[in-house]
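# Chain and residue survey
The lines below spell out each chain.
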Amino acid sequence: RDLHSFPTRRSSDLRTCLNPLPGSSFSSGKTVPYVLIDAEIIKKDTEDAFEVNMNETSLPRLYINNNYENILAQEEDSEAKRYVKKKLDQALWIIQSVEQRRQTIQKVIESIVKKQSDFFNYGEKYLKPMRLKDVADEIGVHESTVSRSTNGKYIRTDRGTYELKEFFTNGLGSEVSSVTVKTHMREMIEGEDKKKPLSDSCIEKLLNKRGLTVSRRTIAKYREEMGIRSKFVDRKSVV
């Protein structure tokens, strides 16, 4: 058919009927956090043997351009040579610092994998109590160095992606990891009577029976982190 016989639309009509962001209608409005992993834990064929593969893009290797070394070797002006040498020394210091930090993070991760082999083999319920000091003593650094090295660092495993600080008991006030507590909480909530949902107080008592001492405030915090809202209603607060 003749193209001129088809109906035409004005540009104003197109602006009203077309959406430049068609996926926006399916959005929940929540911002999805993006996590860049710092290492991947790969299980070898032998049981309890794991390999730590560092993600080089998270902390890239740095190099010095050879042109600057050539300038230092060929330049006759002593003042210019002093300036270039100063800058080269600063660059070398930065490279050494970044490399030392990369090595420290790798040692921390390797220590965690070694101490938490049961977790990597069998699951979250087998996560052992572990302090920052335990790792610091093993790799020969200060506890604060381990704390900085684990802050905001993530590893990918066969069981999911975890932040390194989740493997430590520090901050809970008990000898238990946050990952372990969340695992037990999720199990309890999934198995609860939907007509009689568990309150945070009930979960606290059930956790205590399992040997996990956790406050109600911490339970509420973990609910929020896991995206599980409490369905329990305190009838005393209802008018």
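Our structure is the block above this text.
Residues numbered from 1 in each chain as written. Predicted model: local features only at pLDDT ≥ 70, side-chain atom pairs only at ≥ 80, totals over all residues. Heavy atoms only, no water.

### Section: the environment of Val179
- Within the secondary structure layout, Val179 lies in helix H7 (residues 178–190).
- On the basis of relative accessibility, which here comes to 4%, the residue Val179 falls in the buried class.
- Separated by 52 residues in sequence, Val179 and Leu127 place their C-alpha atoms 7.7 Å apart.
- The residues contacting Val179, other than those within four sequence positions of it, are Glu124, Leu127, Tyr162 and Glu166. (Helix = DSSP H or I, 4+ residues; strand = E, 2+ residues; numbered from the N terminus. Buried < 20%, exposed > 50% of the residue type's maximum accessible area, 1.4 Å probe, protein only. Contact = heavy atoms within 4.5 Å.)

### Observations regarding the packing of helix H3 (residues 78–115) against helix H5 (residues 132–139)
- Across the interface, H3 lies against H5 with an axial gap of 10 Å and an inter-helix angle of 115°. Overall, the two elements H3 and H5 adopt an arrangement that is roughly perpendicular. The two elements H3 and H5 meet at a crossing, and its hand is right-handed. Listed contacts from H5 to Lys107, Val108, Ser111, Ile112, Lys114 and Lys115 of H3 are Asp134, Val135, Glu138 and Ile139.
- Here the residues of the contact of H3 with H5 sort into four nonpolar, one polar and five charged. (Axes fitted to C-alpha atoms, helices over the stretch in contact; angles between N-to-C directions. Parallel < 35°, antiparallel > 145°, perpendicular 65-115°, else oblique. Left-handed = near helix turned anticlockwise from the far one by under 90°. Nonpolar A, V, L, I, M, F, W, Y, C, P; charged D, E, K, R; others polar.)

### With respect to the side chain of Ser111
- Inspection of the secondary structure puts Ser111 in helix H3.
- Note on Ser111: relative accessible area 1%, which makes it buried.
- Excluding anything up to four places from it in sequence, Ser111 contacts Val135, Glu138 and Ile139.

### Points about the sheet that holds strand E3 (residues 154–157)
- The four strands are arranged E2-E1-E3-E4 in an open sheet whose pairing can be described as mixed. The two strands at the open ends of the sheet, each matched to only one other strand, are strand E2 (50–54) and strand E4 (160–163). Sheet twist, expressed as the mean angle between neighbouring strand axes with direction ignored, is 25°.
- Sheet topology note: the strand E1 (residues 39–43)/E2 ladder contains five bridges and is antiparallel. Directly across from Glu40, in E2, lies its bridge partner Asn53. (Pairing = 2+ DSSP bridges.)

### Comments concerning the pattern of salt bridges
- Taken as a whole and judged by the stated rule, the model has 13 salt bridges.
- For the salt bridge of Lys128 with Asp118, the shortest nitrogen-to-oxygen distance reads 3.6 Å. Of this pair, Lys128 sits in the loop between helix H4 (117–122) and H5 while Asp118 is found in helix H4, placing the two residues 10 residues apart along the sequence.
- Across the pair Lys133 and Asp137 runs a salt bridge, and its minimum N-O distance is 2.9 Å. With a gap of four residues between them, Lys133 and Asp137 both fall in helix H5, about one helical turn apart.
- What makes Lys133 partly exposed here is its relative accessible area of 39%.
- Assessed through its relative accessible area of 52%, Asp137 is described here as exposed. (Salt bridge = Lys/Arg side-chain N within 4 Å of Asp/Glu carboxyl O.)

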